[in-house]
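The chain contents come next:
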Protein chains: 2
Amino acid sequence: MISVEQHLDRILRTVRVIRPFEQGVLDAQGCVLAEDVTARGSLPGFTNSAMDGYAVRALDVAGATEDDPVVLPVVNDIAAGNTNALSLAQGQTMRIMTGAPMPRGADAVVPVEVTDGGVVRVAVRVPSVVGQHVREVGEDVEQGTTILRRGTLLGPGQIALVAAAGVARVKVVPRPRVVVLSTGDELVDVGSTPGFGQIVDSNSLMLTAAVTSVGATPYRVGGVPDDARTLLDTLEGQLVRADAIITTGGVSMGAFDTVKEVLSRVGTVQFDKVAMRPGMPQGFGVLGDEQVPVFTLPGNPVSALVSFHVFVAPALRAMAGRPEPAFPPGYVPAVAAEAFSSIPGKMEFLRVVLDDDRARLAGGQGSHMLGALAAADALAVIPPEVTRVEVGDALECLPLLGREGQ
Amino acid sequence: MISVEQHLDRILRTVRVIRPFEQGVLDAQGCVLAEDVTARGSLPGFTNSAMDGYAVRALDVAGATEDDPVVLPVVNDIAAGNTNALSLAQGQTMRIMTGAPMPRGADAVVPVEVTDGGVVRVAVRVPSVVGQHVREVGEDVEQGTTILRRGTLLGPGQIALVAAAGVARVKVVPRPRVVVLSTGDELVDVGSTPGFGQIVDSNSLMLTAAVTSVGATPYRVGGVPDDARTLLDTLEGQLVRADAIITTGGVSMGAFDTVKEVLSRVGTVQFDKVAMRPGMPQGFGVLGDEQVPVFTLPGNPVSALVSFHVFVAPALRAMAGRPEPAFPPGYVPAVAAEAFSSIPGKMEFLRVVLDDDRARLAGGQGSHMLGALAAADALAVIPPEVTRVEVGDALECLPLLGREGQ
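Just so you know, these numbers come straight off a predicted model, no measurement behind them.

Visitor: How should I be thinking about the sheet that holds strand E5 (residues 53-56) of chain A in this particular structure?
Guide: The strands that make up a sheet are held in pairs by hydrogen bonds between backbone atoms, and each pair lies either parallel or antiparallel. All names here are of chain A. With mixed pairing, five strands are arranged side by side in an open sheet as E8-E5-E7-E6-E9. Edge strands, defined here as strands with exactly one partner in the open sheet, are strand E8 (108-111) and strand E9 (121-124). Within this sheet the neighbouring strands show an average axis-to-axis angle of 45 degrees, counted without direction. Relative to strand E7 (residues 93-96), strand E6 (residues 70-78) is paired through three bridges, and the arrangement is parallel. Directly across from Asp-77, in E7, lies its bridge partner Arg-95.

Visitor: Teacher, can you tell me more about the interface of chain B and chain A here?
Guide: A common measure of how large an interface is: the accessible area buried when the components associate. With 87 residues of chain B at the contact, the number on the chain A side is 85 residues. Summed over both sides, the interface of chain B with chain A buries roughly 6,600 Å², with 64% coming from carbon and sulfur. Counting only elements with at least two residues in the side of chain B that touches chain A, the list comes to helix H2 (156-164), strand E15 (199-200), helix H3 (202-213) and helix H7 (370-375) of chain B. Its residues assigned to classes, the side of chain B that touches chain A comprises 41 nonpolar, 29 polar and 17 charged.

Visitor: Is there a simple way to think about the packing of H3 of chain B against helix H6 (residues 301-319) of chain B in this case?
Guide: Residue and element names in this part refer to chain B. In the contact formed by H3 and H6, the axes pass within 10 Å of each other and the chain directions differ by 20 degrees. For the element pair H3 / H6, the angle class is roughly parallel. Of the two elements, H3 crosses H6, and the hand of that crossing is right-handed. Residues Asn-203, Met-206, Leu-207, Ala-210 and Val-211 of H3 pack against Pro-301, Ala-304, Leu-305 and Phe-308 of H6. A breakdown of the residues in the contact of H3 with H6 according to their chemical character gives eight nonpolar, one polar and no charged.

Visitor: Explain the UniProt feature "domain: MoaB/Mog" (unreviewed entry) in chain A here, please?
Guide: Taken from the UniProt record, the annotation "domain: MoaB/Mog" (unreviewed entry) applies to residues 179-318 of chain A. Across residues 179-318 of chain A, helical content stands at 34% and strand content at 29%; the span's end C-alpha atoms are separated by 17 Å.

Visitor: So what exactly am I meant to see when it comes to H2 of chain B here?
Guide: What sets the pattern is the α-helix's 3.6 residues per turn: residues three or four places apart point alike. Residues and elements named next belong to chain B. In terms of burial, H2 is largely enclosed, as nine of its nine residues are buried. Among all positions of H2, only Pro-156, Gly-157, Gln-158, Ile-159, Ala-160, Leu-161, Val-162, Ala-163 and Ala-164 are buried. Just beyond H2, the residue with positive phi is Gly-166, at close to 90 degrees.

Visitor: It is not clear to me how the environment of Val-25 of chain A should be interpreted in this structure. Could you clarify?
Guide: Relative to the helices and strands, Val-25 of chain A resides in the loop between strand E1 (21-24) and strand E2 (32-33). According to the relative accessible area criterion, Val-25 of chain A is buried, its value standing at 4%. Counting along the chain gives 135 residues from Val-25 of chain A to Ala-160 of chain A, while the straight-line C-alpha distance between them is 8.8 Å. Those residues in contact with Val-25 of chain A that sit more than four places away from it in its chain are Ile-159, Val-162, Ala-163, Val-167, Ala-168, Arg-169 and Val-170 of chain A together with Leu-205 of chain B.

Visitor: Which parts of the structure should I look at to understand the packing of helix H2 (residues 156-164) of chain A against H3 of chain B?
Guide: The relative placement of two packed helices comes down to the angle between their axes together with the axis-to-axis distance. Interhelical geometry of H2 of chain A versus H3 of chain B gives an angle of 160 degrees and a closest axis separation of 8 Å. On the basis of the axis angle, H2 of chain A is roughly antiparallel to H3 of chain B. Where H2 of chain A crosses over H3 of chain B, the two elements pack in a sense that is right-handed. Contacts between H2 of chain A and H3 of chain B pair Pro-156, Ile-159, Ala-160, Ala-163 and Ala-164 of chain A from the former with Ser-202, Leu-205, Met-206, Ala-209, Ala-210 and Ser-213 of chain B from the latter. For the contact of H2 of chain A with H3 of chain B, a count of residues per class yields nine nonpolar, two polar and no charged.

Visitor: I'm lost on the pairing of E8 of chain A in this one. Help?
Guide: Residues in a regular strand project their side chains so that they alternate between the two faces of the sheet. Residue and element names in this part refer to chain A. Covered by surrounding structure in E8 are Ala-108 and Val-110 together with Val-109 and Pro-111, the residues of both alternating faces. In this structure, E5 lies alongside E8, joined through four bridges in antiparallel fashion. Across the sheet, residue Tyr-54 finds its bridge partner in E8, namely Val-110.

Visitor: How should I be thinking about the sheet that holds strand E9 (residues 121-124) of chain B in this particular structure?
Guide: All names here are of chain B. Judged by pairing direction, the sheet is mixed, and its five strands sit side by side in the order E8-E5-E7-E6-E9 without closing on themselves. Every interior strand has two partners, whereas the edge strands, strand E8 (108-111) and E9, have only one. Averaged over neighbouring strand pairs, the angle between their axes works out to 45 degrees when direction is ignored.

Visitor: Explain the domain arrangement of chain A to me, please; I cannot follow it from the model alone.
Guide: Domain annotation of chain A identifies domain 1 (4-19 + 175-319), domain 2 (21-43 + 139-173), domain 3 (48-135) and domain 4 (332-399). Of note, the centres of domain 1 of chain A and domain 3 of chain A, computed from C-alpha atoms alone, are 67 Å apart.

Visitor: For this particular structure, what's the right way to read the environment of Gln-282 of chain A?
Guide: All names here are of chain A. The topology assignment puts Gln-282 in strand E20 (residues 281-287). Non-local contacts of Gln-282, meaning those with residues more than four positions away in its chain, are made with His-7, Gln-270, Phe-271, Asp-272, Val-274, Met-276, Thr-296, Leu-297, Pro-298, Ser-307 and Phe-311. Side-chain polar atoms of Gln-282 contact the backbone oxygen of Gly-279, separated by 2.8 Å.

Visitor: Explain the relation of the copies chain B and chain A to me, please; I cannot follow it from the model alone.
Guide: Related by rotation about an axis and a shift along that axis, the two copies of the chain form a pair. Each copy superposes on the other: chain B lies on chain A with an RMSD of 0.0 Å after a rotation of 180 degrees and an axial shift of 0.0 Å. When the rotation and shift are considered jointly, the pair of chain copies conforms to a two-fold rotation axis. Residue by residue, 98% of the interface of chain B is reproduced at the interface of chain A, so both copies engage with the same surface.

Visitor: How do you make sense of the side chain of Thr-248 of chain B when you look at a structure like this?
Guide: Position of Thr-248 of chain B among the secondary structure elements: in strand E17 (residues 244-248). Once you skip the residues sitting within four places of it in the chain, Thr-248 of chain B turns out to touch Leu-181, Ser-182, Thr-183, Asn-203, Leu-207, Leu-297, Pro-298, Gly-299 and Ala-304 of chain B.

Visitor: I keep staring at the pattern of salt bridges and nothing clicks. Help me out?
Guide: A side chain with one charge can pair with a side chain of the opposite charge if their charged atoms come near. Residues and elements named next belong to chain B. The full count for this structure, using the stated rule, is 22 salt bridges over all chains. Between Asp-36 and Arg-149 there is a salt bridge whose closest N-O contact spans 3.1 Å. With Asp-36 in the loop between strand E2 (32-33) and strand E3 (37-38) and Arg-149 in the loop between strand E11 (146-148) and H2, this pair connects stretches of sequence that are 113 residues apart. Of the charged contacts in the structure, one is a salt bridge between Arg-277 and Glu-348, with a shortest N-O distance of 2.9 Å. Highlighted residues: Arg-277 in strand E19 (residues 276-277) and Glu-348 in strand E24 (residues 347-355), separated in sequence by 71 residues. For Arg-277, a relative accessible area of 38% gives the class partly exposed.

Visitor: How should I be thinking about the packing of aromatic side chains in this particular structure?
Guide: Remark: the centre distance and the inter-plane angle together describe each pair of aromatic rings, the angle taken between the planes. All names here are of chain A. Tallied over the entire structure, the rule returns four aromatic pairs over all chains. For the pair Phe-284 and Phe-295, a centre-to-centre distance of 5.0 Å together with 45 degrees between the ring planes defines the contact as tilted. Linking Phe-284 in strand E20 with Phe-295 in strand E21 (residues 292-297), this pair joins segments that are eleven residues apart in sequence.

About the thresholds
Residues numbered from 1 in each chain as written. Chains lettered and ligands numbered in written order. Predicted model: local features only at pLDDT ≥ 70, side-chain atom pairs only at ≥ 80, totals over all residues. Heavy atoms only, no water. Pairing = 2+ DSSP bridges. Helix = DSSP H or I, 4+ residues; strand = E, 2+ residues; numbered from the N terminus. Axes fitted to C-alpha atoms, helices over the stretch in contact; angles between N-to-C directions. Contact = heavy atoms within 4.5 Å. Buried area = accessible area lost by both parts, 1.4 Å probe. Nonpolar A, V, L, I, M, F, W, Y, C, P; charged D, E, K, R; others polar. Parallel < 35°, antiparallel > 145°, perpendicular 65-115°, else oblique. Left-handed = near helix turned anticlockwise from the far one by under 90°. UniProt positions renumbered as here; feature names shortened; annotations may be inferred. Buried < 20%, exposed > 50% of the residue type's maximum accessible area, 1.4 Å probe, protein only. Domains from an automatic or database assignment. Polar contact = N/O pair within 3.5 Å; in protein donor to acceptor, adjacent residues only side chain to side chain. Least-squares fit on C-alpha atoms with pLDDT ≥ 70 in both. Salt bridge = Lys/Arg side-chain N within 4 Å of Asp/Glu carboxyl O. Phe/Tyr/Trp six-rings, centres within 6.5 Å; stacked < 30°, edge-to-face > 60°.

Quick look at the structure:
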């Protein structure tokens, strides 16, 4: 029996960041930069107006007051998108819109709100200072400087900056492509009615959704029968498109545990009992020339989803260049709203409903019990040495993935 | 001038939950159920073994001890996926795998670990009680019962439950389809080099990414020139596929503010000054027979993204059937790590970097400044009445969307 930390540690020491790939900035959303990004152009790229108003020489309106406005002739209109380089002579003004290029000679913008809004001549009622309401070229970003560092996660704001600075494609760590397959002669696909002794293959749907919820790209293979040749052929066929493979089922103590049988013979997959409940039978290793990580999760659905949260999600994040600082990631504190026992010597992951920070059991805690799993908000993580939790005890909870709707 | 709360309130009173639609369970990930879901089958669908071991009559092994095991003949093997209804006679046993159907007559499972693992006859070293390691039909979910309520968000665990209970398709509120268009003669598409007076259309990329990050489906139209006819035709063409439309630019005090010009004449769009910085010029209303909500956001990129967080994101969540309990959603508490001033009379949204809960300004706070936006983790929300924040003051922060990488 190994500890949860030992198994996760072996996984995180084995997986590697996926080879970077150049993508369009929008396609790179949710990915991590694989190299620093340098501005191709300055921001702003040209000196422009921060307001709708009038481009002036500040000196010309220095004496303006409410009672004694300065009146200037309006010699031009400059809209955003005007690509002509204009010049403003002393004693003149031009109407200018937000984002439009400042004419040469002008050094301030008078907002339309403090004028009479004239189009032939304008009365300016307040003085201006040099630079007022003017955005200088490069004041946000200078051409050639590093705007984002390697390792930065690209969200909407980062995508805007990169694009605005003239960079259309970026080298990022791609989203991990994850093949999901479930095993077992008892499985029928969703939509078919299971006969006696059969069950719907819900695991591959659940894990496909879980892969999506961590920002990776799932390929659902679905149910593979308990036949060594078929399983091996399926695995070999999937290796070409996989950055990782997740299987469920066939790893326990049974006489027909095909995953264990097949993967004990190829690759480096090692099967361990991990001191946790649910999820004790775990396997992990690499397969094929590309050393694709393979996670063999237990077949009980609750065990499979808990294993995904504890082992697979941190590994996929690390492969995407987003390593977690520590195990376990993203704990939220809670308080036990009811008392319960916990098995000694195992880390227990109980399905709980959170009402603010008050946690109560979501229902039946059997590893086959989907009802409580679907009702739960989080997994309450009970350390191996704790055997009893009393009302009011502090708990650490791992929020269930995908419950915030991305 | 209206308040942020007034503008948001008008929006949330106008938008409606999108018409529900039946989808496959996996496609429904991240969506909210539009009706209760009823189990088509029981879970488990048949009484089965919770362990790999031996199906027995508990009475037959009642006297088993470590020193004096009970030895029983093994008359059959039952694998998971065995669809035959078998019967166990008194004094016999069958080898049985996890998830395999219990034979009639058996009432307990002896785990393989407490036997000698025999295949012809087996020595059982511990007694058993009726029901031990047996999963009764329907103990998790009974056929015909409601398994998930209307309004439930479908994540991996919910998808597993629905599929396992034999439901392949569910009626959900679909993801809002959101058309994103930016306006302005100055815009060039990313990848083109902007000439003098031109800028890259980063807004439509940024908002497309923002739409994705709230779980909605974006359609990016990109830059539309400042021409009333073109804009109107574009809007009319996009209405057919839009649950909502977001525009940026053309809503300020300028002489060429096409969005304001066009949308003041059609639909119910109302243009307001909202007491916030950045993001003062806002427009909102509905357009077309289907009353499609239209958000006309300011063209400055920081203003546009702040407006998205404050107005559009809550509206899209409400349209997806996920109403927020209160404005503003998802605040996280922080502490000011530096002192700064705030404009009186306006709600200010400052771009801040969070180091644990310590917030410092991310850089230049101009509404055109993408550098600071891209460096920020969150928006610190400073109420209108606050004009000065000192080191150590408590702050409420709105985390920037898409920075957790989905």
